[in-house]
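Structure at a glance
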Amino acid sequence: MKAVILVGGKGTRLLPLTCNTPKAIVPILNRPFLEHLLGYLKEHGVTDAILAMCYLPDPIQSCLGDGTQLGVRLTYLVEESPLGTAGAVKNAESYLNGPFLVLNGDTITEIDLTAMVKRHKEVKPKVSIALTPVDNPTLYGVVETDTRGLVQRFVEKPTWDKVTTNMINAGIYILEPEVLAHIPASTPSMFENYLFPRLLEIGEPILSYPSDAYWIDIGTPEKYLKANHDLLLQQVGRGIQAKGKSQFHPTAQIEGPVLIAEGCIIAEGAKLKGPVVLGPHCEIGKDAVVQGAVLWHHSRVGEKAILRNCVVCSHSYVEPGSHVPDNCVLGDSVTVASGNILDKGTQVWPDGYAESNETQP
Ligand code: GDD
Ligand code: MG
């Protein structure tokens, strides 16, 4: 079965992480997000994927190439202007024959795709849709079903008074090719509020596949950080994993789970308290404390600086003695001046970026 992966969104809620890096390839455990998603598909026997792109397509393509290294075959499609989730799949119609998968390109999950495909083939609906329970359904698409598991209604991003269930659209669909006839070509449209409600209106069956397997949408900095923490615990337990060569001062203290890429320097008396992910060529200064943080490549933490539960993108510098507390996000190439104590949740954008971004339509 082929898969269409939707990776055309701007990743606005993930800014400033996505200023220079599309959401589809932000690093999770030092590997581009899509490598995790493609690995998951491969585990379920899906090795042929079409990437439906729009915003920043070039970095995605140069990162993954034709997919050979990952053991998959990739086809790239670029929309000139966003076609929406359904329009993007319509745009891939000539590459599709037979039933196919569609996945949102920003979720990490262990939902059993093999079982979902099996059920789709047994019950033969026009569409199958994976559902997952969440604490706050107002951030997602709520899906109401009947006792047989057939979908009754979609309510995208409902207000709390409209929430009738905690089961939401997990962003994984199996579609029969004939449903593509209901999507207009070259005009933007969404599955969530156009195609699916329309199919229900004309009486086409949509089958739900509810699952309580691990699922997370990495679309906000908090969720991005949590995805890193969860996967790190899963991958290294309470341990320490160093890939390639790094320098550790003998007095540095490291408590797992910690993942360290090649070329890092951990100075005298520095403390790493897991979960921590260091990208390639990071430097942690003397007596600095880094706890619960994710750092991308070539970032530096000065002497006695403190970082907690935050994200630091590439080539940034937290100068000596400064504090970067919970849920702060530092974009690429930013500096936190020496002794500066940031408020929780502070976002520091790359120079000139916030302004130019706000003026975009
Ligand atoms: N090619 C293309 N073109 N891709 C797009 C476009 C587009 O115009 N618009 C969005 N996408 C991609 C995004 O890159 C992302 O991977 C995926 O489609 C979903 O878009 P999001 O912007 O992340 O949507 P959401 O998270 O608010 O809501 C969606 O996902 C939820 C689960 O995470 C909806 O499908 C909800 O119903 C669902 O619950
Ligand atoms: Mg999303």
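Please refer to the structure placed before this passage.
Residues numbered from 1 in each chain as written. Chains lettered and ligands numbered in written order. Predicted model: local features only at pLDDT ≥ 70, side-chain atom pairs only at ≥ 80, totals over all residues. Heavy atoms only, no water.

Using a probe with the size of a water molecule, rolled over the atoms, empty space left in the structure can be pinpointed. Space inside the largest pocket adds up to approximately 1,000 Å³. For the largest pocket, the lining is made up of 39 residues, of which Gly9, Arg13, Lys23, Thr85 and Asp106 are closest to its centre. Mapped onto the lining of the largest pocket, the elements with two or more residues apiece are strand 1 (2-7), helix 3 (84-90), strand 11 (167-175) and strand 13 (215-217). When grouped by side-chain class, the residues that make up the lining of the largest pocket number 15 nonpolar, 14 polar and 10 charged. Lining the second largest pocket are 17 residues, with His36, Ile108, Thr109, Leu231 and Gln234 sitting closest to its centre. Residue assignment for the lining of the second largest pocket shows that the elements contributing at least two residues are helix 1 (33-43), strand 7 (107-109) and helix 6 (221-236). When residues of the lining of the second largest pocket are assigned to their parent elements, the largest contribution, five residues, is made by helix 1. A domain split of the lining of the second largest pocket shows at least three residues from each of domain 1 (3-219) and domain 2 (222-354). (1 Å grid on protein atoms, 1.4 Å probe; cavity = no way out; pocket = protein on both sides within 12 Å on 5 of 7 lines; lining within 4 Å. Points joined across faces, edges and corners; volume = space filled by probe spheres on them. Helix = DSSP H or I, 4+ residues; strand = E, 2+ residues; numbered from the N terminus. Nonpolar A, V, L, I, M, F, W, Y, C, P; charged D, E, K, R; others polar. Domains from an automatic or database assignment.)

One open sheet accounts for five strands, arranged 16-19-22-25-28; its pairing is parallel. Because the sheet does not close on itself, it has two edges, and the strands there are strand 16 (253-255) and strand 28 (323-324). With three bridges joining them, strand 16 and strand 19 (residues 271-273) adopt parallel strand pairing. Residue pairing in the sheet places Gln253 in a bridge with Lys271 of strand 19. (Pairing = 2+ DSSP bridges.)

For the rest of this paragraph, the subject is the nonpolar core. With 57 residues, the main nonpolar core has Leu34 and Leu51 as its most contacted residues. Counting contributing residues per domain, this core is built from domain 1 (3-219) and domain 2 (222-354), each supplying no fewer than three. In this view, Leu34 contacts Ile5, Val7, Ala24, Leu51, Ile60 and Leu64; residues no more than four positions away in its chain are not counted. Of all hydrophobic cores here, the second largest spans 29 residues; its members include Leu96, Phe100, Val151 and Phe196. (Core = buried A, V, L, I, M, F, W, Y, C linked by side-chain atoms within 4.5 Å. Buried < 20%, exposed > 50% of the residue type's maximum accessible area, 1.4 Å probe, protein only. Contact = heavy atoms within 4.5 Å.)

Taken together, the protein donors to the magnesium ion (ligand 2) comprise Asp106 (OD) and Asp217 (OD), at separations of 2.1 to 2.5 Å. Of this pair, Asp106 sits in the loop between strand 6 (100-104) and strand 7 while Asp217 sits in strand 13, placing them 111 residues apart in sequence. (Donors = N, O, S within 2.8 Å, 3.2 Å for Na, K, Ca; no water.)

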